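# Structural overview
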Amino acid sequence: MEDKRREVRHIVRNVKSLPTIPGIMAKLNSIAEDEKATVNEIARLISSDQILSAKVLKLVNSPFYGFSRRVSTISNALILLGVNVVKSLILSSSIFELMEKNVVGLWEHSMGAGVAANVIARRLNLPEPEEISTAALIHDIGKVIIKIELKEEFGNLISLIKEKDMSMREAERELLDTDHAEIGDWLAKSWLLPEKLIEPIAFHHDVEKSLTQPTKTSAVHLADILVKASGFGFSGDDFVPKIHPAAWAKLGLTEELLEGIVGEVEEKLVEVKNFSIEVQSTDDTQA
Amino acid sequence: MQNIPFTLAISGMVLAKDVARTDNPGGPPVCGKGLILTDQMIDRLKNMGIQSITVEGHPIRMDGDNSLEEMLAGLDRRFKKAEGDPLTMKLKMIHKKQIIKSMGD
């Protein structure tokens, strides 16, 4: 079984062939590390790739950040979200686009989790809400890799989930000796994403293992659960995972707070559905 | 009442909540609660970029919410693997209450 895990890890290490790391990233990394670099310089670099800029702006304007006004320029996006979040969006925009076209259910689940995380962060006054939304948006990237890079295994996983009434994660553990959270962790590390985003991806099912980012991980854990509880989107199975007591404690949740969060998330999910219908119908027209 | 994507709005639906501008959600409503939607009004709201509205009753049958019984059965199925877990059951109860409320008035 260990061999299977090693094989999957090897595949993840070599996913550089996927359109996930645009050439612009190397330049962006060097310029973003330069403390003297201004927002305008960074914005100019990103804007030089128009397709990439459009993809990033599409994500920035999707309902999960909840900006009341349209963000129409990369420099505004940088000011509103910070360089790190925009960098993460650049990295995830291509894979997100693959998801939008190939795995609509997972795309909706991810968008929904981004929205839910935003509501959680705001209502509980958590620091860095945009980073929490972004982490929630990409928390299941491991599943995209399985679907795209491990096609045969993906088919077997789906059969196993149906046959044995398993959750996606249980089936992944049985067949691959790893799971989407660990695969997401490998990918996020190879992309050099910040720890703030890596831990929520890696530990959204095992909150207690998140040592440096427990609040963000707890928020993403809850966001994932809330979207599944609503039956919104499809992330591989229908089952609501258990709320981890460590996440409940870390977020200082009460039943009243949770009820308020759930009510707002339900309303926002309608907007996500609307956005999804719009995006899918635009794609149909363009196809 | 039911919150629906605006793309599904049709004339005759009755607003159950005020509609605010998307670029000024805290500002004065553009349409008030109790108003009956007309085609003209739908076009106007569409041009304003309204994303969703809350209407009286439960006029739209979304995926899987055909009836109260089916919605509750779906909820039971989704929470199957967390049965008996005290924190997750609190979440289930919140959803159950909301489903019953949304279908009841």
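In case you missed it, the structure is sitting above this.
Conventions we followed
Residues numbered from 1 in each chain as written. Chains lettered and ligands numbered in written order. Predicted model: local features only at pLDDT ≥ 70, side-chain atom pairs only at ≥ 80, totals over all residues. Heavy atoms only, no water. Core = buried A, V, L, I, M, F, W, Y, C linked by side-chain atoms within 4.5 Å. Buried < 20%, exposed > 50% of the residue type's maximum accessible area, 1.4 Å probe, protein only. Helix = DSSP H or I, 4+ residues; strand = E, 2+ residues; numbered from the N terminus. Arc of directions from axis to C-beta. Phe/Tyr/Trp six-rings, centres within 6.5 Å; stacked < 30°, edge-to-face > 60°. Lys NZ or Arg CZ within 6 Å of the ring centre and 35° of its normal. Salt bridge = Lys/Arg side-chain N within 4 Å of Asp/Glu carboxyl O. Contact = heavy atoms within 4.5 Å. Buried area = accessible area lost by both parts, 1.4 Å probe. Nonpolar A, V, L, I, M, F, W, Y, C, P; charged D, E, K, R; others polar. Pairing = 2+ DSSP bridges. Axes fitted to C-alpha atoms, helices over the stretch in contact; angles between N-to-C directions. Parallel < 35°, antiparallel > 145°, perpendicular 65-115°, else oblique. Left-handed = near helix turned anticlockwise from the far one by under 90°.

## So, the nonpolar core
Judged by nonpolar contacts, the single largest core of 104 residues is most densely connected at A:Leu89, A:Ile120, A:Leu226 and B:Leu91. The dominant element in this core, judged by the number of residues it contributes, is helix H7 (residues 104-123) of chain A, at 10 residues. Listed in part, the 15 residues of the second largest apolar core include B:Met13, B:Leu45, B:Val55 and B:Ile60.

## Remarks on helix H5 (residues 74-81) of chain A
All names here are of chain A. Within H5 the residues assigned to the buried category are Ile74, Ser75, Ala77, Leu78 and Leu81. Taken down its axis, H5 places every buried residue within 160° of arc, on the same side. Within two residues after H5, Gly82 carries a phi angle of roughly 90°, on the positive side.

## Details of the packing of aromatic side chains
Enumeration over the complete set of coordinates arrives at 0 aromatic pairs over all chains. The ring of A:Phe239 has B:Lys81 lying over it, and the distance from NZ or CZ to the ring centre is 5.0 Å.

## Structural notes on the pattern of salt bridges
Residue and element names in this part refer to chain A. Applying the stated criterion across every chain yields a total of 26 salt bridges over all chains. For Lys273, the salt bridge is made with Glu108, and the minimal N-O distance between the two is 3.2 Å. In this pair, Lys273 is assigned in helix H16 (residues 255-286) and Glu108 in helix H7, connecting sequence segments 165 residues apart. Note that Glu128 and Lys216 form a salt bridge whose closest N and O atoms lie 2.8 Å from each other. One end of the pair, Glu128, is in the loop between H7 and helix H8 (129-137); the other, Lys216, is in helix H14 (residues 214-229), with 88 residues separating them in the sequence. Residue Lys216 is classed as buried on the basis of its relative accessible area of 7%. Residues participating in the shared-partner salt-bridge network are Arg122, Arg123, Glu264 and Lys268.

## Topic: the interface of chain A and chain B
Taken together, the contacts link 33 residues of chain A with 27 residues of chain B. For the pair chain A and chain B, the summed buried area comes to about 2700 Å², and 58% of that belongs to carbon and sulfur atoms. Here B:Arg77 makes a salt bridge to A:Asp165, at a shortest N to O gap of 3.4 Å. At the level of elements, H14, helix H15 (245-251) and H16 of chain A are the ones that each hand at least two residues to the side of chain A that touches chain B. Grouping the amino acids of the side of chain A that touches chain B by side-chain chemistry returns 14 nonpolar, 7 polar and 12 charged.

## Focus: the pairing of strand E1 (residues 2-5) of chain B
All names here are of chain B. Both faces of E1 are covered, namely the face carrying Gln2 and Ile4 and the face carrying Asn3 and Pro5. Alignment of E1 against strand E2 (residues 52-55), held across 4 bridges, turns out to be antiparallel. Residue pairing for E2: Pro5 is matched across the bridge by Ser52.

## Here's the deal with the packing of helix H4 (residues 50-60) of chain A against H5(A)
All names here are of chain A. Where H4 contacts H5, the two axes come as close as 10 Å, and the packing angle between them is 45°. In terms of orientation, H4 and H5 fall into the oblique class. In this structure, the crossing between H4 and H5 has a hand that is left-handed. Between H4, through Ser53, Val56, Leu57 and Val60, and H5, the contact on the second element is made entirely by Ile74, Ala77 and Leu81. Across the contact of H4 with H5, the residue classes break down as 6 nonpolar, 1 polar and no charged.

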